[in-house]
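# Reading the structure
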Amino acid sequence: MNIVIFGPPGAGKGTQSNLIVKKFNLHQLSTGELLRKEIKDQTKLGQQISSTIDEGDLVSDQIAGDLIEKYISNKIYKSRLIFDGYPRNLNQARNLNNLLSKYDQKIDIVLKLSVSLEIIKKRINERQTLEKRTDDNELTAIKRYETYENKIKPVVDFYKQSNLLKVVNGENSITEISNEISDLIDGLKG
Ligand code: AMP
């Protein structure tokens, strides 16, 4: 099965994806992490995108699409992917459908973690002391939240239309959220 998980930055997508990966033997595909790795490794792409990421803007659809195609086309990951951070806009949502059907796959469920900006700010401040992400400060957090909110609405409608969307309250505890997600995924098999 392939899963899409989305929610504003700081919603806990990464944490929840990790838990799902272990429980259901999937592979996590985090475009944010892949992009940060490019920057850390100082690749040509990394140099090209570092200021975009630091400012809280999205990298181009072409760059993000190329990254995910590498995984979708790889047989090892066939129908075992959890997309964390992709799609971020309607164009990417359409591209994901096209890429999956190109490689004879589909999305089985779309999980949306909903969290208010107030809670996000609190979490980002906490995360700042744990991880050193150059895009984790309050101003960038607000910018990333707003970028997310503006672009994600059409994506939500897109997945609602295809009956794949499940909204999960991302303000609950990690365990509560993960139990709810597990139940939803288990429900797909029944
Ligand atoms: P994330 O770790 O998902 O919060 O992503 C961190 C940053 O990486 C975002 O603020 C964007 O700049 C960039 N990014 C991640 N995924 C995408 C995507 N699908 N499309 C464009 N930019 C992305």
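Residues numbered from 1 in each chain as written. Predicted model: local features only at pLDDT ≥ 70, side-chain atom pairs only at ≥ 80, totals over all residues. Heavy atoms only, no water.

## Observations regarding the side chain of Gln92
Relative to the helices and strands, Gln92 resides in helix α5 (residues 90-102). For Gln92, the side chain forms a polar contact with the main-chain nitrogen of Arg88, separated by 2.8 Å. (Helix = DSSP H or I, 4+ residues; strand = E, 2+ residues; numbered from the N terminus. Polar contact = N/O pair within 3.5 Å; in protein donor to acceptor, adjacent residues only side chain to side chain.)

## What to know about the pairing of strand β1 (residues 3-6)
Of the two faces of β1, the one lined by Ile3 and Ile5 and the one lined by Val4 and Phe6 are each fully buried. Sheet topology note: the β1/strand β3 (residues 81-84) ladder contains three bridges and is parallel. In the sheet register, Val4 faces β3, and the bridge partner there is Phe83. (Buried < 20%, exposed > 50% of the residue type's maximum accessible area, 1.4 Å probe, protein only. Pairing = 2+ DSSP bridges.)

## Some words on the environment of Leu165
Structurally, the position occupied by Leu165 is in strand β5 (residues 165-169). The spatial distance from the C-alpha of Leu165 to the C-alpha of Asn125 is 30 Å, given a sequence separation of 40 residues. In this view, Leu165 contacts Phe6, Val110, Lys112, Val156, Tyr159 and Lys160; residues no more than four positions away in its chain are not counted. (Contact = heavy atoms within 4.5 Å.)

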